[in-house]
Amino acid sequence: RTEPYGGAATDAVARAVEWPAAIGGVESHVLRDHAYVLEGSSAARHAFRVASGLDSMVLGEPQILGQLKQAVREADSAGTLGTTLQQQGRHEEALKAFDKAIQFKPGDVCLWMNLGGALAELQRADEALLSFRHVLKLKPDHCDAAYRCAFMLREIGRPEQALEYLDLVDRLQPNQHLVLEMRAIVLHSLKQYEAALADSRRACQLNPGNADTCNNI
C-alpha cells in the first residue's frame, strides 16, 4: 500500500490521488474508491500505529519503522517536511503504541529496541536502559542493545557499568571503531589513560579518516 502524509488544505486530497493514478495509468476515481483519508490527530495516531507495526498484517513487523524514518529523512532533505509534520514527533504517543504492541508480542526484540529508542529520545535514560537490558535477556548476543546500554549508562554517569557493556560488544564484534572510540572516552573519564590511549590508537587504525579521534591521540 502507499500512504502519502502531508499538511495541506482539504482540496489537496484529490491531487494526492491523481498523482499515483497518473503514474499507474488508471483513472483517479478507481483509486479513490479504495482510499481512506485521515486528518489531524487521527492521522498522527495512524502514523504511530503504522510505525509500531500495529497496523501491519504481521503484528509488530519492524521493517515499516525504517521505511518511515527514511521517508522523513528524504522529505527533510528535499525541503518538503513542513512544521506540521516536524511537530508530529510526539514520542509519548509512540510509547503507547509500542507498549500495546509488546503486550501482544512480549518476546519481540525489535519492539523492545524501538521502545528503548523512544524513551531515549524523551531523555528517560533509566527507562530506556531497562528496555535495552530486557533485549539482552531475550538475546544475549544483541550487540546494538549492549552498545545502547553502554551509551545510556555513560549518559547517567555510571562509566564503570558502561565499560562492562562496551567490553561485551567488543567480545561479540571485535574491532568496531565506534565502540573503541566510546570505550576510550569512558576509560579516560575513569583515569585509565593508557588503556584509553590504546583504544584510541586502534580506533584510528580502523578509521583513519576520523580526524577527531586521530588528532586526540
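The model shown is predicted, which means the values in this text are computed figures rather than measured ones.

Enquirer: Lay out helix α7 (residues 109-121) in plain terms, naming residues and giving numbers.
Expert: With 13 residues, α7 ought to run about 18 Å at 1.5 Å a step, and its terminal C-alpha atoms sit 19 Å apart, in line with that. Of all 13 residues making up α7, 10 are buried, and the element is well covered by its neighbours. Among the residues of α7, those classed as buried are Val 109, Leu 111, Trp 112, Met 113, Asn 114, Leu 115, Gly 116, Gly 117, Ala 118 and Leu 119. A side-chain oxygen of the first residue of α7 lies 2.9 Å from the backbone nitrogen of Cys 110; this N-cap is Asp 108.

Enquirer: An account of the packing of helix α10 (residues 159-172) against helix α11 (residues 177-189) is requested, with residue identities and associated values reported.
Expert: Look at α10 against α11: their axes get within 10 Å of each other, and the N-to-C directions meet at 150°. Taken together, the axes of α10 and α11 are roughly antiparallel relative to one another. Like other packed secondary-structure pairs, α10 and α11 cross with a definite hand, here left-handed. Contacts from Pro 159, Leu 163, Leu 166, Asp 167, Val 169 and Asp 170 of α10 reach α11 at Val 179, Leu 180, Met 182, Arg 183, Val 186, Leu 187 and Ser 189. Looking at side-chain class alone, the contact of α10 with α11 contains nine nonpolar, one polar and three charged residues.

Enquirer: Any chance you could break down α10 for me, citing the residues and the numbers?
Expert: Counted at 1.5 Å a residue, the expected span for α10 with its 14 residues is 20 Å, and the 20 Å between its end C-alpha atoms agrees. Buried residues of α10: Pro 159, Ala 162, Leu 163, Tyr 165, Leu 166, Leu 168, Val 169 and Asp 170, and no others. Buried positions along α10 lie against α8 (125-138), α9 (143-155), α11 and α12 (193-206).

Enquirer: Before we move on, could you go through the nonpolar core and cite the residues and values that matter?
Expert: Among the nonpolar cores identified, the biggest contains 36 residues, and Leu 115 and Tyr 165 are the most heavily contacted of them. For this core, the secondary-structure elements that each account for two or more residues are α6 (91-104), α7, α8, α9, α10 and α11. For this core, the element with the highest residue contribution is α7, accounting for seven residues. Apart from residues lying up to four places away in sequence, Tyr 165 is in contact with Arg 133, Leu 136, Ala 146, Cys 149, Ala 150 and Leu 153.

Enquirer: Residues and numbers for the packing of α8 against α9, please.
Expert: Remark: α8 packs on α9, axes separated minimally by 9 Å, with the N-to-C direction vectors making an angle of 155°. When the axis of α8 is compared with that of α9, the two are roughly antiparallel. Judged by the sense of rotation from one axis to the other, the crossing of α8 with α9 is left-handed. Across from Ala 125, Ala 128, Leu 129, Phe 132, Arg 133, Val 135 and Leu 136 in α8, the residues of α9 making contact are Ala 145, Ala 146, Arg 148, Cys 149, Met 152 and Leu 153.

Enquirer: Describe unusual backbone geometry, listing the residues and the values that go with them.
Expert: The phi angle at Asn 175 is positive, at roughly 65°, despite the residue not being glycine. Relative to the elements of secondary structure, Asn 175 occurs in the loop between α10 and α11. Judged by its relative accessible area of 44%, Asn 175 falls in the partly exposed class. Here the phi dihedral of Lys 191 falls at roughly 65°; this positive angle occurs in a residue that is not glycine.

Enquirer: Talk me through the environment of His 188; I want residue IDs and the actual numbers.
Expert: Within the secondary structure layout, His 188 lies in helix α11. On the basis of relative accessibility, which here comes to 48%, the residue His 188 falls in the partly exposed class. Considering only alpha carbons, one finds His 188 and Pro 159, 29 residues apart in sequence, at a separation of 10.0 Å. Setting aside its immediate chain neighbours within four residues, His 188 contacts Tyr 193 and Ala 196.

What counts and what doesn't
Residues numbered from 1 in each chain as written. Predicted model: local features only at pLDDT ≥ 70, side-chain atom pairs only at ≥ 80, totals over all residues. Heavy atoms only, no water. Helix = DSSP H or I, 4+ residues; strand = E, 2+ residues; numbered from the N terminus. Expected span 1.5 Å × (residues − 1). Buried < 20%, exposed > 50% of the residue type's maximum accessible area, 1.4 Å probe, protein only. Polar contact = N/O pair within 3.5 Å; in protein donor to acceptor, adjacent residues only side chain to side chain. Axes fitted to C-alpha atoms, helices over the stretch in contact; angles between N-to-C directions. Parallel < 35°, antiparallel > 145°, perpendicular 65-115°, else oblique. Left-handed = near helix turned anticlockwise from the far one by under 90°. Contact = heavy atoms within 4.5 Å. Nonpolar A, V, L, I, M, F, W, Y, C, P; charged D, E, K, R; others polar. Core = buried A, V, L, I, M, F, W, Y, C linked by side-chain atoms within 4.5 Å.

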